[in-house]
Amino acid sequence: MLMMTRVEILLVFCMCVMVVQLMPMVVKGKTGNTTVSRSPSSSSSRMPSVVNVGALFTVNSVIGRSVKPAVAAAVDDVNNSPTVLRGVTLNLIQHDTNCSGFLGTIEALQLMENDVVAAIGPQSSGIAHVISHVVNELQVPLLSFGATDPTLSSLQYPYFIRTTQNDYHQMSAITDLVLHFDWKEIIAIFVDDDYGRNGISALGDALANKRARISYKASFTPGASLANVTELLTKVNLMECRVYVVHVNPDTGLNIFHVAKKLGMLTSGYVWVTTDWLPAVLDSSELSDDDTMDLIQGVVSLRQHTTNSVIKKEFIKKWKSKQGNERIQTSSFNSYALYAYDSVWVLAHALDKFLKAGERITFSYDPNIRRTNSTDIQLSSLRVFNEGNKLLEMIRDTRFVGLTGEVKFDEDKNLVHPAYDVINIGGTGVRTVGYWSNHSGLSVDSPESLYGKRMNRSSADHRLYSIIWPGETSDKPRGWVFPNNGKPLRVAVPYRHSYKEVVTKDKSTQGVRGYCIDVFEAAVSLLPYPVPRKYILYGDGRMNPSYNSLVNAVAENKYDAAVGDVTITTNRTRIVDFTQPYMESGLVVVVAVKAAKPTPWAFLKPFTIQMWLVTGGFFLFVGSVVWILEHRLNHEFRGPPSQQVMTIFWFSFSTMFFSHRENTVSTLGRMVLILWLFVVLIINSSYTASLTSILTVQQLTSHIEGIDSLTSSNEPIGVQDGTFAYNYLVRDLQIAESRIKPLRGEEEYANALRLGPKGGGVAAIVDELPYVELFMRYTKCEFRIVGQEFTKSGWGFAFQRDSPLAVDLSTAILQLSENGELQRIHDKWLAAPSCSTQATDVEESSSLSLSNFWGLFLICGVACFISLSIFFGRMLCQYRQFTPDEEEPHEVLEPDSQTRRGRPSRLISFRDFMDFYDKKDAEVKEARRNRREARKEFGEHSGSP
């Protein structure tokens, strides 16, 4: 590891002085009047007038040219501030790290000789790793405005404070950006140092958490030549992925695009995303270089987000007013300059709080550093900042609003509210298309406007404005192509022993044929790009291959895809991606059937016992109702009691055949009879249809009626070797493995079913419906399907996880289904006779029950009740008008006679009522007429003298 190599250099460097004898020495006066002590006990009783502060950065660099004047301006502003560090002057001591880990370490050691209380910088993550060991030993806080390596936040570097954004968050932003456009793979192009390597490692972790990945890591050494970069990008261009994330240093990053331009990699179809190094280059100059802008057309990049505040605008004016100053070597500034400016103010606020708290600034010698006579290198002048840990705590607790926005540190010493601008380079300028923050993800609203709202990182709510991609197109690039390295798609095809119509070996140049191959070829032909492919047989053809092993081989990158009769199951979808199913499938049960034995009681099977009883009861009930309604009016319903009972039975059951000879004359009787004849018509028709089905269709039987009866038995079951049916029966249905017998194909299926369980065969075959259809065609409908499909699945083409081909082929399969081509291919290879799906041939027809007819019986019963209610209501009215007293109006009963007859009066009344009912309606009318005439005569006699 390069990081460990630099640490080892420092350790070797320090070991040179480990044998130096510790001896007191008088510390020479340092620059300024920093209060120091020759021993830990010496101190100053007053606040120091000057405090030394160090700065480490590469002056001759994109970041350094912006940072140098920003730091100087910040120190000037602090020294002129009336509120912070009043009476104390910050003495800035700058050292140039020269973009070198070794030279940066030397410069850092020289800086520490000045008894600085803190150091601003460095800008390089690699140099920060090495210098962090120095500041840890000397207890000097290190405030870095440019070291974005996520690993610097570890507990290994307690004195490292990051005053800029952490690349951990930047890589999360890139991950959301990539997934926003539904890309699942990217190629990372990065410089192979601590900054690049650890940043890409964080990107890989972020992508993996979202089921995406880095398909290839293209790294190059710092300071690589254009020839090396050309060789690297040429290799990358031959690969499938077209989404590139570039994470390099600002000073050499444009070399990537110079080479990419020459290789034609900035045209339509390519996607280039960069980290914040590119905006650092562009923002360093007010005027855009036409040549540079031409290189990066369509590139999407992230820029560290800083609020557009008043103090920031004032800083911009101040910057422009000093452009003629020799310290200003750039016409504009980037975000790193703003973070460097705020870094100085972080230290100023912490020092102000530190000194106001009465703390002292003292230094002491490190006992581990000794002088040696064997070397000229002397490090004994390096001293430990005794109060460094206290100042560190105050720095971590500092909180204020700076040029970049709110400055506050979390428990990991990172700035809170990390946010980035998403920019798109087009034409001669840069356009902001959105923002990213760890609070709301991608959004078109500024992060500041969203911090007051509820946190929402749902990808469904992510939004960006339209982006102009390379090639000046706004259409989202697909993000991948078939590689130009001459490697075709490796397609595994199961070499089956049976059912060769599905897929099998062929002598043609293609090498395979069958239903699955035709579907795959037709789908590929609909893709808008060529797919070079090579079919590779999987299996020996003597046995059906294991389809689980085939899917695992695709997942393990032995093949790019599997094309064949591969069933989509839950376990398989966990390791590979399937296309849209091109064939619906499900497990069914196939059995051998035999002719059913005739039964003399078959005529009773159409109805259940309950149905027979209710029907017979209604025949008698309706007959009785009609008799009651017709008895007083119709002479055919009168006579001796025995004759009337026979009339009721005869009339009731003769209506079954519509052969009743008695006529109905009453209105109510006719209404009831009409409804009942309608019910009888329905019952007769249903009985006839059901009996016909039983006597003509129900000719074949089997004691196995479906999967339920099969699992409850102990008879052997046949399954196709190599398919998922075996695991399904054992694991899901808990069937003993000893009952399951693997079979290879049609011939073994037929022989096993003919032999039966007693002859060494099987009681049933459990297989997928497409295979069963072919088996039925092979045996000419000798066997039958019982029950229904008890699983629902389908056949699909298997690809490696996150393969874009799976999505495009799914769309193509849907097109084949819509235009009828999929059905035509099916009919070509798998056309089967109709008997293959007649599962009802071997199912016993269900008897019709009361639930099928209770509505009819209810209507008929209600009609009978209403008719009887009307009839008896009318007859009661007639009876009340026709009483025995009215027959003898002149007769007066004695009181004793009335008393004797008072007890049985109700019984006599009921008998009279029944006698009244038994009279013909004509007799009642005649009697009523006679009574009226008698009353008339009686009145005339009683009125004469």
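Residues numbered from 1 in each chain as written. Predicted model: local features only at pLDDT ≥ 70, side-chain atom pairs only at ≥ 80, totals over all residues. Heavy atoms only, no water.

**Q** With reference to specific residues and values, describe the overall build of the protein chain.
**A** Helices and strands together make up the secondary structure of the protein chain, namely 30 helices and 33 strands. Scored against the burial criterion, the 945 residues of the protein chain give a buried share of 51%. Of the contacts made within the protein chain by residues no fewer than 6 positions apart, 74% connect residues no fewer than 24 positions apart. Carbon and sulfur atoms make up 54% of the accessible area of the protein chain, which amounts to about 45,000 Å² in all. (Helix = DSSP H or I, 4+ residues; strand = E, 2+ residues; numbered from the N terminus. Buried < 20%, exposed > 50% of the residue type's maximum accessible area, 1.4 Å probe, protein only. Contact = heavy atoms within 4.5 Å. Areas by Shrake-Rupley, 256 points an atom, 1.4 Å probe, with all protein chains shown as cover.)

**Q** Before we move on, could you go through the layout of surface pockets and cite the residues and values that matter?
**A** Gaps left between atoms are located by rolling a probe of water-molecule size over the structure's atoms. Counted as a void, the largest pocket has a volume near 760 Å³. What lines the largest pocket is a set of 26 residues, among which E240, P483, N557, D560 and Q800 lie closest to the centre. When contributions to the lining of the largest pocket are tallied by element, the ones reaching two or more residues are β7 (213-220), β18 (489-494), β33 (798-800) and α25 (804-818). Take the lining of the largest pocket: its biggest share by element is 3 residues, from β7. (1 Å grid on protein atoms, 1.4 Å probe; cavity = no way out; pocket = protein on both sides within 12 Å on 5 of 7 lines; lining within 4 Å. Points joined across faces, edges and corners; volume = space filled by probe spheres on them.)

**Q** Hey, could you go over the packing of aromatic side chains for me, with residue numbers and the actual values?
**A** For any pair of aromatic rings, geometry is given as the distance between the ring centres together with the angle between the planes. In the structure shown here, the tally under the stated rule is 31 aromatic pairs. Clustering of aromatic rings is evident, with ring pairs tying together Y499, Y749, Y771, F775, F783 and W795. When the ring centre of Y365 is taken as reference, the NZ or CZ atom of R383 above it lies at 5.6 Å. The ring centre of W480 lies 5.0 Å from the NZ or CZ of R478, which sits over that ring. (Phe/Tyr/Trp six-rings, centres within 6.5 Å; stacked < 30°, edge-to-face > 60°. Lys NZ or Arg CZ within 6 Å of the ring centre and 35° of its normal.)

**Q** Talk me through the confidence of the model for the protein chain; I want residue IDs and the actual numbers.
**A** Per-residue pLDDT for the protein chain has a mean of 83; in total, 81% of the residues score no lower than 70. In this model, residues 836-845 is a region of pLDDT below 50 whose contacts with residues beyond four sequence positions or in other chains number 25 contacts. (pLDDT = per-residue confidence, 0-100.)

**Q** Just give me the short version of the sheet that holds β33, but keep the residues and values in it.
**A** The sheet built from 5 strands is open, its strands ordered β21-β18-β22-β33-β23 with mixed pairing. A single partner strand is all that each edge strand has here, and the edge strands are β21 (533-538) and β23 (576-578). Where β18 lies against β21, 6 bridges are found, and the strand directions are parallel. Along β21, the bridge assignment pairs L489 with R533. (Pairing = 2+ DSSP bridges.)

**Q** Any chance you could break down helix α12 (residues 335-356) for me, citing the residues and the numbers?
**A** Along its 22 residues, α12 runs 32 Å from first to last C-alpha, staying within 8% of the 32 Å computed at 1.5 Å per residue. Of the residues one or two after α12, G358 is the one with positive phi, at around 85°. (Expected span 1.5 Å × (residues − 1).)

**Q** Explain the nonpolar core residue by residue, including any values.
**A** Among the nonpolar cores identified, the biggest contains 76 residues, and L85, M112, V117, L347, L351 and L391 are the most heavily contacted of them. The biggest single contributor to this core is α12, with 15 residues. The contacts of M112, once residues within four sequence positions are left out, are A119, V134, V135, L138, V140 and L382. With 68 residues, the next largest nonpolar core counts V493, Y515, L805 and A812 among its residues. (Core = buried A, V, L, I, M, F, W, Y, C linked by side-chain atoms within 4.5 Å.)

**Q** Describe the pattern of salt bridges, with residues and values.
**A** This model, assessed by the stated rule, comprises 25 salt bridges. Note that D194 is salt-bridged to R197, the shortest N-O span being 3.0 Å. One end of the pair, D194, and the other, R197, are both in helix α6 (residues 194-209), 3 residues apart, so they sit about a helical turn from each other. Of the residues examined, D194 reaches a relative accessible area of 1% and is grouped as buried. Of the residues examined, R197 reaches a relative accessible area of 18% and is grouped as buried. A salt bridge links R303 to D283; the nearest nitrogen and oxygen atoms lie 3.0 Å apart. Linking R303 in strand β10 (residues 300-304) with D283 in the loop between α9 (277-282) and α10 (290-295), this pair joins segments that are 20 residues apart in sequence. Here the two residues R303 and D283 agree in accessibility, since each one is buried. (Salt bridge = Lys/Arg side-chain N within 4 Å of Asp/Glu carboxyl O.)

**Q** Which residues make up the sheet that holds β7, and what values do they have?
**A** Spatially, 8 strands are ordered β7-β6-β8-β9-β10-β15-β16-β17 in an open sheet, and the strand pairing comes out mixed. Since the sheet does not close on itself, it has two edges, and those belong to β7 and β17 (441-443), each with one partner. Strand-to-strand twist of the sheet, defined as the mean angle between neighbouring strand axes without regard to direction, takes the value 25°. Alignment of strand β16 (residues 429-437) against β17, held across 3 bridges, turns out to be antiparallel. (Axes fitted to C-alpha atoms, helices over the stretch in contact; angles between N-to-C directions.)

**Q** Got a sec to walk through the pairing of strand β8 (residues 243-247)? Specific residues and values, please.
**A** Counting buried positions along β8 gives 5 out of 5 residues, so the element sits mostly inside the fold. Residue alternation in β8 divides its side chains into two sets, V243, V245 and H247 and Y244 and V246, and both sets are buried. Looking at chain direction, β8 and strand β9 (residues 271-274) are connected through 4 bridges and run parallel. When the bridges of β9 are listed, V243 appears paired with V271. Handedness of the β8-helix α8 (residues 254-262)-β9 crossover: right-handed. (Right-handed = clockwise from strand over helix to strand, strands pointing away.)

**Q** Please provide a residue-by-residue account of the pairing of strand β13 (residues 399-402), values included.
**A** Sheet faces and side chains relate simply in a regular strand, where the side chains alternate between the two faces. Burial of the side chains of β13 is restricted to one face: F400 and G402 are buried, whereas none of R399 and V401 on the reverse face is. Pairing of β13 with strand β14 (residues 405-408), which is carried by 4 bridges, proceeds in the antiparallel orientation. In the sheet register, G402 faces β14, and the bridge partner there is G405. Once β13 ends, the chain turns through 2 residues before running back antiparallel as β14.

**Q** Provide a residue-level description of the packing of helix α24 (residues 769-779) against helix α26 (residues 821-830), including the pertinent values.
**A** Two elements in contact, α24 and α26, have axes separated by 11 Å at closest approach and are oriented at 40°. When the axis of α24 is compared with that of α26, the two are oblique. Across the interface between the two elements, E773, L774 and R777 from α24 touch H826, W829 and L830 from α26. Residue classes in the contact of α24 with α26 are distributed as 3 nonpolar, 1 polar and 2 charged. (Parallel < 35°, antiparallel > 145°, perpendicular 65-115°, else oblique. Nonpolar A, V, L, I, M, F, W, Y, C, P; charged D, E, K, R; others polar.)

**Q** Describe the environment of W829, naming the residues involved and giving the relevant values.
**A** Along the chain, W829 turns up in helix α26. Residues W829 and K500 lie 329 residues apart in sequence; the distance between their C-alpha atoms is 9.7 Å. The residues touching W829, leaving out its near neighbours within four places in the chain, are E501, R513, G514, Y515, D518, L774 and R777. In this structure the side chain of W829 is engaged in a polar contact, spanning 2.8 Å, whose partner is the side chain of D518. (Polar contact = N/O pair within 3.5 Å; in protein donor to acceptor, adjacent residues only side chain to side chain.)

**Q** Can you break down the side chain of D421 residue by residue, with the values?
**A** Tracing the backbone through its elements, the reader meets D421 in strand β15 (residues 419-426). The exposure class of D421 is buried, given its relative accessible area of 8%. Among the polar contacts made by the side chain of D421, one reaches the side chain of H305 at a distance of 2.6 Å. Each residue touching D421, except ones within four places of it in the same chain, is listed here: S301, L302, R303, Q304, H305, G434 and Y435.

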